[in-house]
Amino acid sequence: QVQLVESGGGLVQAGGSLRLSCAASGSIFSVNAMGWYRQAPGKQRELVAAFTSGGNTNYADSVKGRFTISRDNAKNTVYLQMNSLKPEDTAVYYCNALVVVTAQLATYTYWGQGTQVTVSS
């Protein structure tokens, strides 16, 4: 099995910064893609930022220039540096990974448990 463990959420004032981390562990052969989604109350889950299987990065238009995704491949860890936070960034942030598991060499999608980010005005 594979687990995604997130950390780094919390309460911050508008204009502040937070850094989220997500570490994948378990029976991992390779991690093909990894990124962050968020879901605000009453809204659908949306992509925030992600590394694609081709190694490119995708960002939501709403976070471009403010958020930066990075990764440590050796640790199967992805980070999200969030600067200039706004109240509308308030949401539960979920880590997502497309993982090739060791046993079957099959690809599965995994989600973290979510971490709350609250930005006060």
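Shown above is the structure to which this text applies.
Definitions and cut-offs
- Residues numbered from 1 in each chain as written.
- Predicted model: local features only at pLDDT ≥ 70, side-chain atom pairs only at ≥ 80, totals over all residues.
- Heavy atoms only, no water.
- Helix = DSSP H or I, 4+ residues; strand = E, 2+ residues; numbered from the N terminus.
- Polar contact = N/O pair within 3.5 Å; in protein donor to acceptor, adjacent residues only side chain to side chain.
- Contact = heavy atoms within 4.5 Å.
- Disulfide = S-S within 2.5 Å.
- Buried < 20%, exposed > 50% of the residue type's maximum accessible area, 1.4 Å probe, protein only.
- Core = buried A, V, L, I, M, F, W, Y, C linked by side-chain atoms within 4.5 Å.
- Pairing = 2+ DSSP bridges.

Draft legend 1. Inspection of the side chain of Glu 6 at higher detail. Summarising the element assignment, Glu 6 is placed in strand 1 (residues 2-7). Polar contacts involving the side chain of Glu 6 include one to the main-chain amide nitrogen of Cys 95, which spans 2.5 Å. Among the polar contacts made by the side chain of Glu 6, one reaches the main-chain amide nitrogen of Gln 113 at a distance of 3.2 Å. Excluding residues that lie within four positions of it along the chain, Glu 6 makes contacts with Ser 21, Cys 22, Trp 36, Tyr 93, Tyr 94, Cys 95, Gly 112, Gln 113, Gly 114 and Thr 115.

Draft legend 2. Spatial organisation of the state of the cysteines. In total, this model carries one disulfide according to the counting rule given. Disulfide partner of Cys 22: Cys 95, at an S-S distance of 2.0 Å. Taking the sign of the S-S torsion, -85° for the link of Cys 22 and Cys 95, the bridge is left-handed. Taken together, the positions of Cys 22 in strand 3 (residues 18-26) and Cys 95 in strand 9 (residues 91-101) put the pair 73 residues apart, joining distant regions of the chain. There is no split in this pair, since Cys 22 and Cys 95 are both buried.

Draft legend 3. Molecular detail of the nonpolar core. Judged by nonpolar contacts, the single largest core of 31 residues is most densely connected at Trp 36, Leu 80, Met 82 and Tyr 93. Contributing elements (two or more residues each) for this core: strand 1, strand 3, strand 4 (28-39), strand 5 (46-51), strand 7 (67-72), strand 8 (77-82), strand 9 and strand 11 (115-120). By residue number, the principal contributor to this core is strand 9, which donates six residues.

Draft legend 4. Expanded view of the pairing of strand 9. Burial of strand 9 is extensive: nine of the 11 residues sit out of reach of the surface. In this sheet, strand 11 lies alongside strand 9 in antiparallel orientation, the contact comprising three bridges. Bridge assignment links Ala 91 to a residue of strand 11, and that residue is Val 117. Sheet topology places strand 9 next to strand 10 (residues 107-111); five bridges connect them, and they run antiparallel.

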